[in-house]
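Residues per chain are reported as follows:
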Amino acid sequence: MKHPERKPYVLAMLVGFGAISLSVLFFFFLYRMQGVEEALAKVTDILMPFIYGGVIAYLLRPVCNGLSMWFHTLFRGKREKLAEALAITFSLITGFFALYILIIMIAPQLYHSAAAFWNTVPDKVDALVAWATETFGENEVLLHYFDLSYEALYNALDTWARGTLVPYVTDIVSGVGSSVWKVVIFLKNILIGVIVAVYLLASRKKFARQGVLVIRSIFKPRWADLILEEIAYIDRMFGGFIDGKLVDSAIIGVLCYIGCVIFKFPNALLVAAIVGITNVIPFFGPFLGAVPATALILIEDPMKAVWFALFVLFLQQLDGNVIGPKILGDHTGVSSFWVLFSILLFGGLWGLVGMIIAVPLFAVLYDLAKRVIRLGLLKHDCSDLLREYEEAYHDPEIK
C-alpha cells in the first residue's frame, strides 16, 4: 500500500463489511428457511442417483480393494487394467448376490410368516388369555390384569385398523398411479446409482489423488496434513464401523435363526430377521429387536417366550463381549454415555439412519473437539494438564 497509515482503517472496513454480510446471510437463511429447505430438497432429488451411487460404492469399496489386491497378484504388467475391471465386476456381483439373498430368499418367507401370524393373532391371544386364566386363575389381581390387557389390546388393534390401516390402504389404492411413478423413479435412481458406483470404484484412486492435490493447493502444509489426517480418520471410523456392524449383525441374525430352529421357537425366520436387522443400531438395537421378537413368541407359547428372552440375552452378551469386539475392535473410543447421547441426538434428527451413523459421526466430532482442546491447552501453556488427564483416565487419544 502507498499509505501504510491507512491499513488499519482498511482492515477495519473489511472486517465490518464481512460481519454485515454474514449477518445479512444469517437472517436471510433464518427467515427464508422454508425456501432454502425446498431448494435443498430439489437439489437432493436431482442428485439422488449420485447419492445412491456413492453409498453403494462406499459399501463395496472394501470388497473391491480386497479383490483388486488379489487380482493384481495374478495379473502383472499390461493386464493390471483387467485386474481392476474384474475386481469391480466381482464386487458388484457380491453386492447383488447379498441383495438377492435378502430380497428373493428371505422376503417371501418373511411375508408368509408375518401373514400367517397376523391371521392367527385373535386365536393366539385367546389361547394366551386361556393359559393365563388356567395358570393364574386363583389370583384375582393377575386375572383381572390379563382381562384388562386383552380388552385394551383388542380395542387398540380395532382402533388402529379402523383409524390408520383402512385409510392408509385407501390412500394407497387411490394413489396407485403416483405410487407406481415413485417406484419407477426409485428404480431409475438405483439403476443410475449402480452406474455411478462403477465409475466411482473405477476412479477411486484417481479421485483420492485429486482430493489431495486440491487440499494441498489451498492450505499450507501444516493445515493440509491435519485435514488429510482427519479425513483418513473419518474414513477409518465410518468404513470400519459400518462395514463391521453389518457383518456383525448378519452373524447375529444367522446365530439367532440357528438357535430358534434348534430350540423350536415359533416364527424362527421372522424373529431372526428382526433381531439381526435391529442389531445394526448400536446400544438400543438388541432391546428394540428383543421386545417385538419376544412378543411374537409370547403369543404362540408363553413359556418359550421366557426361554427365548434368556437366549437373546445370552446371544447379545456373546455379541457384546466376543463377536462385536473381534469384528469391530475399539474403533470409536467413545464412552457409553456419549454413545447413548449420540444415538438419542442423531436418531431424533435423522431417524433410523441417524441412529446407525450416530456413533461414528459423534466419534469424529469428539476427535475434532479433542484436537481443538489440545491446541488450546498447548497455546496457553497447560500441557501439564494433558499429562495429568492421561495419567488419571488413561486416555492417550488426547495426547
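Residues numbered from 1 in each chain as written. Predicted model: local features only at pLDDT ≥ 70, side-chain atom pairs only at ≥ 80, totals over all residues. Heavy atoms only, no water.

Caption draft 1: Structural detail: the overall build of the protein chain. For the protein chain, the helix and strand inventory stands at 14 helices and zero strands. Taken from N to C terminus, the helices and strands of the protein chain fall in the order α-α-α-α-α-α-α-α-α-α-α-α-α-α. Taking all 399 residues of the protein chain together, the buried fraction comes to 27%. Expressed as a percentage of contacts within the protein chain between residues at least 6 apart in sequence, the contacts between residues at least 24 apart total 65%. Approximately 27000 Å² of the protein chain is accessible, and the part contributed by carbon and sulfur atoms is 72%. (Helix = DSSP H or I, 4+ residues; strand = E, 2+ residues; numbered from the N terminus. Buried < 20%, exposed > 50% of the residue type's maximum accessible area, 1.4 Å probe, protein only. Contact = heavy atoms within 4.5 Å. Areas by Shrake-Rupley, 256 points an atom, 1.4 Å probe, with all protein chains shown as cover.)

Caption draft 2: Summary view of the nonpolar core. By size, the foremost hydrophobic cluster in this structure holds 19 residues, and its most contacted members are Cys-256, Cys-260, Val-271, Val-275, Phe-308 and Phe-311. Secondary-structure elements contributing two or more residues to this core are helix H9 (221–262), helix H10 (268–278), helix H11 (285–300) and helix H12 (302–328). The element that contributes the greatest number of residues to this core is H12, accounting for six residues. Ignoring anything within four residues of it in the chain, the contact list for Cys-256 reads Val-271, Ala-272, Val-275, Phe-308, Phe-311 and Leu-315. Tyr-233, Met-237, Val-339 and Leu-361 belong to the second largest nonpolar core, which has 17 residues in total. (Core = buried A, V, L, I, M, F, W, Y, C linked by side-chain atoms within 4.5 Å.)

Caption draft 3: Here's a closer look at the packing of H9 against H10. Relative orientation of the contacting elements H9 and H10 amounts to 155°, with a least axis distance of 8 Å. One element, H9, and the other, H10, form an angle in the roughly antiparallel class. The handedness of the crossing between H9 and H10 comes out as right-handed. Contacts from Ser-249, Ile-252, Gly-253, Cys-256, Tyr-257, Cys-260 and Val-261 of H9 reach H10 at Ala-268, Leu-269, Val-271, Ala-272, Val-275 and Gly-276. When grouped by side-chain class, the residues that make up the contact of H9 with H10 number ten nonpolar, three polar and no charged. (Axes fitted to C-alpha atoms, helices over the stretch in contact; angles between N-to-C directions. Parallel < 35°, antiparallel > 145°, perpendicular 65-115°, else oblique. Left-handed = near helix turned anticlockwise from the far one by under 90°. Nonpolar A, V, L, I, M, F, W, Y, C, P; charged D, E, K, R; others polar.)

Caption draft 4: The arrangement of the side chain of Glu-230 in detail. On the secondary structure map, Glu-230 appears in helix H9. Judged by relative accessible area, Glu-230 falls into the buried class, the value being 8%. Apart from residues no more than four positions distant in its own chain, Glu-230 is found in contact with Val-364, Asp-367, Leu-368 and Arg-371.

Caption draft 5: Summary view of the environment of Ile-190. Looking at the element boundaries, Ile-190 is found in helix H7 (residues 176–202). Along the primary structure Ile-190 and Ile-51 are separated by 139 residues, whereas in three dimensions their C-alpha atoms are 9.6 Å apart.

Caption draft 6: Region of the structure containing the packing of H9 against helix H13 (residues 336–379). Here H9 crosses H13 at 155°, and the two axes come no closer than 9 Å. When the axes of H9 and H13 are compared, the pair comes out roughly antiparallel. Here H9 and H13 pass one another in a crossing that is right-handed. Side by side, H9 and H13 meet where Arg-222, Leu-226, Glu-229, Glu-230, Tyr-233, Ile-234, Met-237, Phe-238, Phe-241 and Ile-242 of the first sit next to Ile-356, Ile-357, Val-359, Pro-360, Leu-361, Ala-363, Val-364, Asp-367, Leu-368, Arg-371 and Leu-375 of the second. Along the lines of polarity and charge, the residues of the contact of H9 with H13 split into 16 nonpolar, no polar and five charged.

Caption draft 7: Spatial organisation of the confidence of the model for the protein chain. The predicted model of the protein chain averages 77 in pLDDT, with 73% of residues at 70 or higher. Within the protein chain, the element-level pLDDT minimum falls on helix H6 (residues 140–174), averaging 62, and the maximum on helix H8 (residues 204–218), averaging 89. (pLDDT = per-residue confidence, 0-100.)

Caption draft 8: Molecular detail of the pattern of salt bridges. In total, this model carries seven salt bridges according to the counting rule given. For the salt bridge of Arg-371 with Glu-230, the shortest nitrogen-to-oxygen distance reads 2.8 Å. Of this pair, Arg-371 sits in helix H13 while Glu-230 sits in helix H9, and the two are 141 residues apart along the sequence. By relative accessible area, which is 26% here, Arg-371 ends up partly exposed. The partner of Arg-371 in a salt bridge is Asp-367, with the nearest N and O atoms 3.0 Å apart. On the criterion of helical spacing, the pair formed by Arg-371 and Asp-367 is a turn pair, its members being four residues apart in helix H13. For Asp-367, a relative accessible area of 7% translates into the label buried. Connected through shared salt-bridge partners, Glu-229, Glu-230, Asp-367 and Arg-371 make up one network. (Salt bridge = Lys/Arg side-chain N within 4 Å of Asp/Glu carboxyl O.)

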